[in-house]
Amino acid sequence: MILDWLLPLLLAIALGLMAIGAIRRVSLWRAGQAEPVNIITGLMAMPRRYLVDLHHVVARDKYMSNTHVATAGGFVLSLALIILVHLFGLDNQVLSWALLGATTLMFTGALFVFKRRTQPPQRLSKGPWMRLPKSLLVFAVTFFIVTLPAAGILPENFGGWVLAVLLTAGIIYGLGEMVFGMTWGGPMKHAFAGALHLAFHRRPERFDGGRSTGLKPVNLAADSLGVAKPKDFKWNQLLGFDACVQCGRCEAVCPAFAAGQPLNPKKLIQDMVVGLAGGTDAKYAGSPYPGVEVGQAQGSPEKIITEGLVKADTLWSCTTCRACVEECPMMIEHVDAIVDMRRFLTLEKGETPNKGAEVLENLIATDNPNGFDPQSRTNWAADQNLPLMAEVKEADVLFWVSDGAFDMRSQRILKAFVKVLKAANVNFAVLGDEERDSGDVARRLGDDATFQTLAKHNIDVMNQYRFKRIVTTDPHAFHVLKNEYGDFGGQYEVLHHTTFINELVKQGKLRLDQFKGGNVTYHDPCYLGRYNGEYDSPRELLKVLGIELKEMERSGYRSRCCGGGGGAPITDIPGERRIADMRMEDAKAVGAEVVAVGCQQCTAMLEGVVEPRPEIKDIAELVSEALIEEVH
Amino acid sequence: MLPDANSSNTPVSSGLKVAALVSVGQHPKSGRPRRADQDARAVEMGIRLCGEHLSLVHAGPEGKGDIREQALRQYLGMGIKGLTILHQQEGSDALPALASHFKDQGADIILAGMRAESGEASGMLPYLLADRLGWPIVSSVADIISINENDAEILQALPRGQRRKLRVSVPFVATVDQAAQIPRQIAFGPSQRGHLKGQESIDEIDQVKSDWEETPARKRPKRLNIKKAKSAADRFKAATAKPQGEGGKIMKDESSQEKAQAILDLLVSEGIVK
Ligand code: SF4
Ligand code: SF4
């Protein structure tokens, strides 16, 4: 039969073209900047990262995770066996039967892919992705039939020439999509790039249940700062972009997208692919950036991204809430990419929009974003009689006050927390006027120079004193102190105040009354939850107060941002709605009368929503109101 | 790097040399050295006139690696590649150094802030410099509307948001204050890569200043002005009303001779000119 010699030939051609495509694709990634990775360890860890870590994320959508295991597992197995049986002609019944099994598995999986694609959710990209289930089916069916004679089920020359022609067509189509397409930019590219992306991920700490959320420092002595062109990304960031499956989960959770601001994380990653490969976004078949027409963007590895590929407004819309990263099954790092590009705009072009320039200038001149007199940082505590580190030199706890010190609403939270500290007889002290802004906002706005200056100053100051741990009511400062000062020599044990108060309660150091009020819901701050994995302490504390939480649909790791992170209120990119309003709708939907928060920025954003609306209370305030004070 | 240079509506005719005088400022709250706000506005105006061809001149101590250098570099962060420092010791008079620099190098327009943020901050320097160079000076410039080799059309800021259009012959000195465009953002990368060109220059001790004694200002209580206004419109009027000029006289049609005489008479009667 004609297939006897044609099939091995077609296989060899497809595999050969795949190899050429692979080399070409790798060279596109290698246009990026050097970044050392451990090749052997990475490749060895890859199967586990795929099976455990990636599936941990995919499994949030049970339907898709089972489907993917069947389809992908069936395909990988089939391809390996096809090479053995049909290319090398191993005449072994066991292998052939195994191949029949593998193609059946793949076929079953593909049926479910097909079913999902009959009514695809809005977030999925269409275009070539719509033909993928058919390609999967054709591939599975064709190779199933072709293998029947080898398995001894059918005679060699069954079917005649009509079937032979049909099978040949099926083989060419199937191999074209599944083998050739894998390295030449078809939808199957995700398998090739994805596997390598898992092996050479820039944040390998994220696997095995770890967490890695701190931004990487900029080398300020470099010739150009930040990412101007696609080739300025690290090579493994480019590789990461290429792994995107356009599933749109990131789009579905992005608060900026939902607010109608010109950002869609999926489109952004696809634009990065356009940039690394060169070309236009005309073939993109998913949701656009709200209000921006698809088809106008153009890029190449050598072209400045904000001059034609992505608008600066897109980059400035992001609240750095990390919802997209948390949700991405391919573990792509959107926030790193966005901040990298912001760095270029701020550090090289001086184009931070709206209040950005003013805030940065204030941070440089006064160490706080509003330009207040740095000598008035402790005025809020004039009546609090706080121990100053400069005087006591040593304390169990360093209370990091943060810039809330300058804001009247935040001062109420600070005072509530001080009351709790005093009630529990905690040995603590503050830095007072020696404290400076943590650098969070400067860093998210792309000004790593100012961030680094602030960080180094703060570290120098803290190094003069002795304390066991730092506690702060500000999740942004918490994150920066805990995860980003390490690169500059500041290693500390840092706790969020909810964690710390929870500890005090468990140690029996606080006597608390029951909360008497209406329905309460809890809003997870992004920088506490997704950035640092603290979801439990606030909830435990609220439970101790006798509160039965009305959880919002989006809570925990899926919490929706309040809109206050990443300098978004400063750059203030217009949309159709306000993110804070949407979050308040979430709270109203569960009938909340009080929204418990653990962040002064969230407080400010949510209190900015027009009344009538639930009351906003920091957990420190709820606890301090419930304190049963000993009467002596 | 400097997109606004083109979009500006004041195309500077080729060959015009524009310079901005820059000093080390002082933040009003923290007292930290920084780009002086008015000087930065002068630089902004210069950039809008001629992009990165604007030359920046500073007279003062060399100060390599200190916070003064970082403050000067902030001007470079606005997108200018180099800044000339006329070397002087602390406490020297900037005037002779600047005057001789511009006599040697020449310039068509010198832009400066109205007054420094530290030191004597008398606001006299631009006047004395214009006097030494024999050029006219225009103060409180809000915008330069048009310019050619011979003269420039200038919008001068007057109190309460009023503007006056002037024509002045080139070369001239112009000073800017709050009425001018706010300065663009400082970009860190260019600020660090820009070049500080040191130059020997005249180093005369500032006699007047050396006799001064500096002490921190004392906060004095402010007398609140109670306005009895019934409506918002009244309050607005009260806030924006021109103070009633007393004994003033507007001279429009008189000859220059008469106008000058009137000013001189006033100065004599006030005891300023003796
Ligand atoms: S970036 Fe991740 S979550 Fe977003 S579409 Fe691509 S694979 Fe899906
Ligand atoms: S970090 Fe948040 S705001 Fe930014 S792109 Fe991701 S989901 Fe959207």
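Criteria and thresholds
Residues numbered from 1 in each chain as written. Chains lettered and ligands numbered in written order. Predicted model: local features only at pLDDT ≥ 70, side-chain atom pairs only at ≥ 80, totals over all residues. Heavy atoms only, no water. Helix = DSSP H or I, 4+ residues; strand = E, 2+ residues; numbered from the N terminus. Buried < 20%, exposed > 50% of the residue type's maximum accessible area, 1.4 Å probe, protein only. Contact = heavy atoms within 4.5 Å. Domains from an automatic or database assignment. Near = heavy atom within 4 Å. Nonpolar A, V, L, I, M, F, W, Y, C, P; charged D, E, K, R; others polar. Pairing = 2+ DSSP bridges. Axes fitted to C-alpha atoms, helices over the stretch in contact; angles between N-to-C directions. Left-handed = near helix turned anticlockwise from the far one by under 90°. Buried area = accessible area lost by both parts, 1.4 Å probe. Salt bridge = Lys/Arg side-chain N within 4 Å of Asp/Glu carboxyl O. Lys, Arg positive; Asp, Glu negative; His and termini not counted. Parallel < 35°, antiparallel > 145°, perpendicular 65-115°, else oblique. Expected span 1.5 Å × (residues − 1). Patch = residues over 30% accessible without salt bridge, like charges linked within 9 Å, V, L, I, M, F, W, Y side chains within 5 Å. Areas by Shrake-Rupley, 256 points an atom, 1.4 Å probe, with all protein chains shown as cover. Charge placed at Lys NZ, Arg CZ, Asp CG, Glu CD.

Right, let's get into the overall build of chain A. Helix and strand counts for chain A stand at 26 helices and 9 strands. C-alpha extents for chain A along the principal axes are approximately 100 × 55 × 45 Å. Evaluated residue by residue, chain A yields a buried proportion of 58% over its 632 residues. Contacts in chain A between residues at least 24 apart in sequence constitute 77% of all its contacts with a sequence separation of at least 6.

Bring the parts together and some accessible area is lost; that lost area is often taken as the interface size. Parsing chain B into structural domains produces domain 1 (18-210) and domain 2 (219-274). Measuring from the centre of the C-alpha atoms in domain 1 of chain B to the corresponding centre in domain 2 of chain B gives 30 Å.

What follows concerns the side chain of Thr67 of chain A. Residues and elements named next belong to chain A. In this fold, Thr67 is placed in helix α3 (residues 62-87). Judged by relative accessible area, which is 3%, Thr67 ranks as buried. If near-sequence neighbours (up to four positions away) are discounted, Thr67 is found in contact with Gly109, Phe112 and Val113.

The subject of this paragraph is the site of ligand 2. Taken together, the neighbourhood of ligand 2 is formed by Cys254, Pro255, Leu263, Cys318, Thr319, Thr320, Cys321, Arg322, Ala323, Cys324 and Val335 of chain A. Looking at the shell around ligand 2, its residues break down into 8 nonpolar, 2 polar and 1 charged.

Here we take up the sheet that holds strand β3 (residues 394-400) of chain A. Residue and element names in this part refer to chain A. Strand order in the open sheet formed by 4 strands is β4-β3-β5-β6, and the pairing between neighbours is parallel. The open sheet has two edge strands, β4 (428-429) and β6 (494-496), and neither has a second partner. Its contacts with the sheet put helix α21 (residues 497-506) on β3, β5 (466-472) and β6, and the angle it makes with β6 is roughly 85 degrees.

The subject of this paragraph is the packing of helix α7 (residues 189-199) of chain A against helix α8 (residues 235-242) of chain A. All names here are of chain A. One can describe the packing of α7 onto α8 by two numbers: an axis separation of 8 Å at closest approach and a directional angle of 145 degrees. Like other packed secondary-structure pairs, α7 and α8 cross with a definite hand, here left-handed. On α8, the residues that touch Lys189, Ala193, Leu196 and His197 of α7 are Asn236, Leu239, Gly240 and Asp242.

A separate point is the interface of chain A and chain B. Tallying the contact residues gives 25 residues for chain A and 14 residues for chain B. Each partner contributes to the roughly 1500 Å² buried at the junction of chain A and chain B, and carbon and sulfur atoms together form 48% of this total. Counting the surface chain A buries against chain B, the share from its top three residues, Glu348, Glu361 and Ala365 of chain A, is 30%. If you look at where chain A meets chain B, you find 3 salt bridges. Residue Asp367 of chain A pairs with Arg32 of chain B through a salt bridge whose shortest N-O separation is 2.6 Å.

Turning our eyes to something else, we now look at the site of ligand 1. Around ligand 1 lies a shell formed by Cys244, Val245, Gln246, Cys247, Gly248, Cys250, Lys266, Cys328, Pro329, Met330, Ile332 and His334 of chain A. Broken down by class, the residue content of the shell around ligand 1 amounts to 8 nonpolar, 3 polar and 1 charged.

Residues and elements named next belong to chain A. By the element assignment, Asp53 lies in helix α2 (residues 39-58). No salt bridge forms around the buried Asp53; measuring N to O, its nearest opposite-charge neighbour Arg48 is 5.4 Å away. Residues in contact with Asp53, not counting those within four places in the same chain, are Arg48, Arg206, Phe207, Asp208, Gly209 and Met331.

What follows deals with the pattern of salt bridges. All names here are of chain A. Counted according to the given criterion, the structure contains 59 salt bridges over all chains. Salt-bridge contacts for Arg409 lead to Glu621; the nearest nitrogen and oxygen are separated by 3.1 Å. One end of the pair, Arg409, is in helix α17 (residues 408-423); the other, Glu621, is in helix α26 (residues 619-626), with 212 residues separating them in the sequence. Note on accessibility: Arg409 and Glu621 belong to one class, buried. Where Glu484 meets Arg443, a salt bridge forms, and the shortest distance between an N and an O atom there is 3.2 Å. Of this pair, Glu484 sits in helix α20 (residues 475-484) while Arg443 sits in helix α18 (residues 440-444), and the two are 41 residues apart along the sequence. Residue class for Glu484 comes out buried when judged on its relative accessible area of 0%.

Okay, the sheet that holds strand β9 (residues 151-157) of chain B next. By way of backbone hydrogen bonds, the strands of a sheet pair with one another, either parallel or antiparallel. Residues and elements named next belong to chain B. Judged by pairing direction, the sheet is antiparallel, and its 3 strands sit side by side in the order β8-β9-β10 without closing on themselves. Lying at the two open borders of the sheet, with one neighbouring strand each, are β8 (141-147) and β10 (163-169). Strand-to-strand twist in this sheet, taken as the mean axis angle between neighbours without regard to direction, amounts to 25 degrees. Two elements, β8 and β9, share 5 bridges in a ladder whose sense is antiparallel. Opposite Ser146, over in β9, you have Glu153 as the bridge partner.

So, about the packing of α8 of chain A against helix α11 (residues 265-277) of chain A. Residue and element names in this part refer to chain A. It is at 8 Å that the axes of α8 and α11 come closest, and there the two elements cross at 120 degrees. Regarding the angle of α8 to α11, the classification is oblique. Here the hand of the crossing between α8 and α11 comes out left-handed. Contacts between α8 and α11 involve Leu238, Phe241 and Asp242 on the former and, on the latter, Ile269, Met272, Val273 and Leu276. Residue composition of the contact of α8 with α11, by class: 6 nonpolar, no polar and 1 charged.

Helical geometry: 3.6 residues make up each α-helical turn, so side chains three or four residues apart lie on a common side. An ideal rise of 1.5 Å per residue puts 40 Å on 28 residues; helix α1 (residues 2-29) of chain A measures up with 40 Å between its terminal C-alpha atoms. Along α1 of chain A, the residues classified as buried are Leu3, Leu6, Leu7, Leu10, Leu11, Ala14, Gly21, Ala22, Arg25, Leu28 and Trp29 of chain A.

All right, on to the pairing of strand β6 (residues 109-113) of chain B then. Residues and elements named next belong to chain B. Counting buried positions along β6 gives 5 out of 5 residues, so the element sits mostly inside the fold. Side chains Ile109, Leu111 and Gly113 of β6 all project onto a buried face; the interleaved residues Ile110 and Ala112 project onto the opposite face, where all are buried too. Both strand β1 (residues 18-21) and β6 contribute to a ladder of 3 bridges, which runs parallel. Along β6, the bridge assignment pairs Ala20 with Leu111. Here β6 runs beside strand β11 (residues 172-176); their pairing, made up of 5 bridges, is parallel. Along β11, the bridge assignment pairs Ala112 with Thr175.

Moving on, we come to a negative patch on the surface. Residues and elements named next belong to chain B. Residues Glu62, Glu200, Asp203 and Glu204 make up a contiguous surface patch of negative charge. Topologically, Glu62 is positioned in the loop between β4 (55-60) and α3 (67-76). Relative accessible area serves as the criterion here: at 41%, Glu62 is assigned to the partly exposed category.

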